[in-house]
Amino acid sequence: MAALDTDTGIRRVCVVGAGVMGAGIAAQVANAGVRVLLLDILPKSGDDRDAVAKAAVARALKTDPAPFMSPAAAKLVEPGNIEDDLGKVVECDWIIEVIVERLELKQALYRRLEAVRRPGTPISSNTSTIPLAQLVDGLPESLSRDFMITHFFNPPRYMRLLELVAGPATDPALVDRVSRFCDLALGKTVVRAHDTPGFIANRIGTYWMQQAVNAAMDQGLSVEEADAVLGRPFGIPKTGVFGLLDLVGLDLMPHINASMKASLPAGDAFLETLRDSPLLTRMIAEGNTGRKGRGGFYRLNREAGKIKESIGLVTGEYEPSRTASLPSALSRDPAALIASTDRYGHYAWTVMGATLAYAASLVPAIADDIVSVDAAMRLGFNWKQGPFELLDALGPEAVARRLEAEGRPVPPVLRTVGTGRFYKVENGRTLFLGVDGEYVPIERPPGVLLLDDIKCRSEPLLRNGSAALWDIGDGVACFEFTSKMNAIDEHTLKLLDKSIDLVKQRYKALVVYTDATNFSAGANLGLALFACNIAAWGEIEKLVSGGQRTYKALKYAPFPVVSAPAGLALGGGCEILLHSDAVQAHAESYVGLVECGVGLVPGWGGCGEMIARWVASPGMPKGPMPAVAKVFEIVSTARMAKSATEARSLGFLRETDRITMNRDRLLFEARARALSLVDGYSAPKPPEFRLPGAGGRMAMKLAAEGFHRQGVATDHDLVVAGNLAEVLSGGEADLMDVVTEKQMLALERTAFMRLIRTGPTLDRIEHTLETGKPLRN
C-alpha cells in the first residue's frame, strides 16, 4: 500500500475579514494545527487597533456550537488589522478574502494584497454571489492566475462542503494545492463548480426554498405540514424548509434573491420563483428573522411559558404549533408521496418535481457531472440523497412523463437517461451517467475508502440484524454496527464474539467502523427498559456480564484492533474505544461515558480502563487518589467531549491516538493504522489497580454532597455518584490491596444492577428515550 503524500506546502493562512464566516474559517484552519493571520478594519473607537479581529476570536470561543475544537486552537490565530499588518501577508501561503459582498471593496483589497503577497501565493474569495469573472475583471494578470473562489458553508467547522471555482486563467497547480489542503487539513469535500450564479448548492437550494414557500402559501398548507412533507420522505433534515429558513435567517433571503435576479439570464426558472411577500416583508421589519431574532416561522413564546408557536401563512398571526404527520406509507416512500392525489402529494410534486427538474436542467452548466451536484446538495443542505439520486428513487422516466404531460420542459439529461437510472452498479463498481450519455465509474481520490464501496463489490463475512463483518482488503476486517443509532445489544455482542474468532483465523487486524453518522450511541436502552418492565433482571445481568467478556476478548485478542469513531461514541460505544489498541478518530467525534446521566454507571469495563489511562497520564500526581478523582469528575458529570481533540484531553483518546479531519478518509487511515501495528504485535497485559478505599470513597461522596447543597446535583445524582464512588474506590479494598481487572468488572456489574432496579433510574431511561434529553430527578 503506497503512502499518501499529505504535504500541501500551506503552513500559514491569512484570512481577511473577521465576521462570522471569516472567524469561522480562521478557526477551522487553526483546528487543523495551522497558524492563521486574521485581519479586519480598524475599530471606530478605542486604542486597540486590532480590536475587531480580537473580538471575533473572543466571540468564537464563546459560540455554541463551537467554531474552535479546543481553546489551544485559538492560540494559533494572530489578530491584526489591514492598515498595520498587511505586510505580514508575505509570510502566508494562502490568502482568503471574506469581506462584505461589494465588488468595489473586494477589488480594492485585491490590489492592496497584490502589492504585498509573494508571487504565486493563492488568493481566494469566499463570495457566494459574485462571479469570479467580475472579481478579477481589470486586475493584473498575475493575480488572475493565482485567483479562485473557495466557498465555505456556515458554520465552516461543521459543514463539509467547499465549492471551488477556478477561472480560465487560474493556475491548475494552485487549484490542486488549495484543494488538497481543504481536503486533508480542513476536512472538506471539495466540489469543483463552474463560474455561474449561486454555484451549485445555493443555486438549487435557494430555488427549492423559494418554491416551497410559494407553494405552501398558494396551496394553504401550514408550516408544520410543509415541513412534514419536505422532510423525512425525501431524506431532508426534520427542520424541513421553514425550519431551515429560521436557521439561516429570513433577512438573508432578500439579499440572495436580489443577487440571483441581477446575475441570472432571462428565462431562468429561478426568476419565476421571485415574488413580493407582504408577510415576509413584515416579519423581517418586525425582527422576526428566525432563530437569531425574535423567532421566525417558528418561535418560543416565553411570555406564555415557552410554548412553541408557528405563524399562519394566511393569517400572518402566531398560534400554538400543531404537529403534522403523513400516513406511514407516504412518509417512507417519496415516489408514493408525489403520486398521491391528496394535498400533501400535490404539494410534494409542486416543490420537489420542480426542484429536481431545475437541478437536471443545470447540468453541465453548473458542474461537469451529476456526482458533483449530488455531493453539493448532500453536504451543503444535508440532504440524504442529491437531486439525481432522488430522481433515481422516483424513477427518471416517470418524472419526465409527468413533466411532459403538464406541458413543462423536460431537461435534456432526463431525456438522455430514458428508462434507465443515473447511477448503476456493474462488476462491483458504481457508475454514473455522464453528460455524453455514457456511464462512467465514480473515481475516489487516493486515500479515500468507503464501506459503501466495499458493499457494492462483496458480501459480508458475517452478519445479523445488529452488526456485520467485512473484508476491507490488505488482510484487515471491519466490524460494522448496523442497528438504529448503532445501539449495542446482545446480537451485536454475539457477532463481535464470532468476528474475533474469525479474524484470529484469517486476518491480520480488525477495524471497528461505520459509514453511518454516529459510531454508536451505546447500549440499547429501549431493550433494557423493556426487560426492566417485565422484571427480567437475570437477562439484564447476562447482557452486562456478556458485554464485559466480549469487550475483554476484544482487548486481549491476538491481533491489533483499531476503532474509528465519527459522530457519537457514547457509553458502550465509548467503551469500545477504550478497549482498542488504537483509535483513529474523525475530528468530529463526540465521546463520553454518559451512563450517569441515565442513572447508571459504565458497565462494560469503562471505569477500570479510564483509571488505568489517568494513572499512566504524564503529569498526574502519584498515589491512589488523583487519577480516581479525575475519573470520578469526568464520569459522574456524564462529560461528553465535543471534538476528538477534547476527547484526548479527557482521556477517552490517548496521546498516541490519531485524528482524521476528512470523514471520507477515516476508514483508509484506520486500516493503515491497524496494519502498522501488526508486526511484533502482542496483546496488552491486564492492569492491576491500587485504589483509595473507604477514605477515597468518602471524599468523592463529600464532593457530590457539596454540589447537592449548591443545587447543582439532584437527589438521584447523589445515589448514582455514591455507586460510582464505590466502584472507583475499589469496594471493600483498602489502600494496601491490589484490585484486579476481574474484581473491577464485578464492582461495575454490581453497581449497575443495583441502580437499574431503582425507580429514578428507570424514570431517567424512559425520559431519555422519549425526549432525547436527560431527566434531572
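Going by the structure above, here's the rest.
Here goes a summary of the coordinates provided. (Residues numbered from 1 in each chain as written. Predicted model: local features only at pLDDT ≥ 70, side-chain atom pairs only at ≥ 80, totals over all residues. Heavy atoms only, no water.)

**A word on the sheet that holds strand E21 (residues 582–586)**
Overall, mixed pairing links the seven strands, which are arranged E15-E16-E17-E18-E19-E21-E24 in an open sheet. Looking at strand neighbours, the two that pair on one side only are strand E15 (462–463) and strand E24 (658–660), the edges of this open sheet. Here strand E17 (residues 476–481) runs beside strand E18 (residues 509–512); their pairing, made up of four bridges, is parallel. Looking across to E18, one finds that Cys478 is bridged to Val511. Along the sheet, helix H28 (residues 666–676) contacts E17, E18, strand E19 (561–563), E21 and E24; its crossing angle with E21, the most-contacted strand, is approximately 165 degrees. (Pairing = 2+ DSSP bridges. Helix = DSSP H or I, 4+ residues; strand = E, 2+ residues; numbered from the N terminus. Contact = heavy atoms within 4.5 Å. Axes fitted to C-alpha atoms, helices over the stretch in contact; angles between N-to-C directions.)

**A word on the environment of Tyr551**
When you line up the elements, Tyr551 lands in helix H23 (residues 537–555). According to the relative accessible area criterion, Tyr551 is buried, its value standing at 0%. In sequence terms Tyr551 and Leu493 are 58 residues apart; their C-alpha atoms lie 8.6 Å from each other. In this structure Tyr551 touches Ile488, Leu493, Gly572, Glu575, Ile576, His579 and Trp604, once residues within four positions along its chain are discounted. (Buried < 20%, exposed > 50% of the residue type's maximum accessible area, 1.4 Å probe, protein only.)

**Structural notes on the sheet that holds strand E12 (residues 423–426)**
Strand order across the open sheet formed by three strands is E12-E13-E14, with antiparallel pairing between neighbours. Both edges of this open sheet fall to E12 and strand E14 (439–441), since each of them pairs with a single strand only. Neighbour-to-neighbour, the strand axes of this sheet turn through a mean angle of 40 degrees, independent of strand direction. Both E12 and strand E13 (residues 429–433) contribute to a ladder of four bridges, which runs antiparallel. If you follow Tyr423 over to E13, its bridge partner there is Phe432.

**Some remarks on the nonpolar core**
Core analysis: the biggest nonpolar cluster contains 106 residues, and Trp208, Phe242, Phe297, Tyr347, Phe388 and Phe422 have the highest contact counts within it. In terms of residue count, the dominant contributor to this core is helix H15 (residues 343–361) (12 residues). In this structure Phe297 touches Val223, Phe242, Leu245, Asp246, Leu250, Leu280, Met283, Glu309, Ser310, Ile311, Leu313 and Tyr318, once residues within four positions along its chain are discounted. The next biggest cluster of nonpolar side chains, apart from the first, holds 81 residues, and it includes Leu495, Tyr551, Leu554 and Leu650. (Core = buried A, V, L, I, M, F, W, Y, C linked by side-chain atoms within 4.5 Å.)

**Quick notes on helix H7 (residues 172–184)**
The terminal C-alpha atoms of H7 lie 18 Å apart, and with 13 residues this matches the ideal 18 Å at 1.5 Å per residue to within 8%. Looking at the buried residues of H7, the elements they touch are strand E1 (12–16), strand E4 (94–97), helix H6 (141–145), strand E6 (147–152), strand E7 (161–166) and strand E8 (189–192). You can read the cap of H7 off the contacts: a side-chain oxygen lies 3.0 Å from the backbone nitrogen of Ala173, and it is on Asp171. (Expected span 1.5 Å × (residues − 1). Polar contact = N/O pair within 3.5 Å; in protein donor to acceptor, adjacent residues only side chain to side chain.)

**Describing the environment of Asp657**
Note on placement: Asp657 falls in the loop between helix H27 (644–649) and E24. On the accessibility criterion, Asp657 (2% relative accessible area) is buried. With 514 residues separating them along the chain, Asp657 and Leu143 place their C-alpha atoms 42 Å apart. Setting aside anything within four residues of it in sequence, one finds Asp657 in contact with Ala582, Val583, Arg613 and Arg648. Within the local environment of Asp657, its side chain forms a polar contact with the backbone nitrogen of Val583, the two atoms lying 2.9 Å apart.

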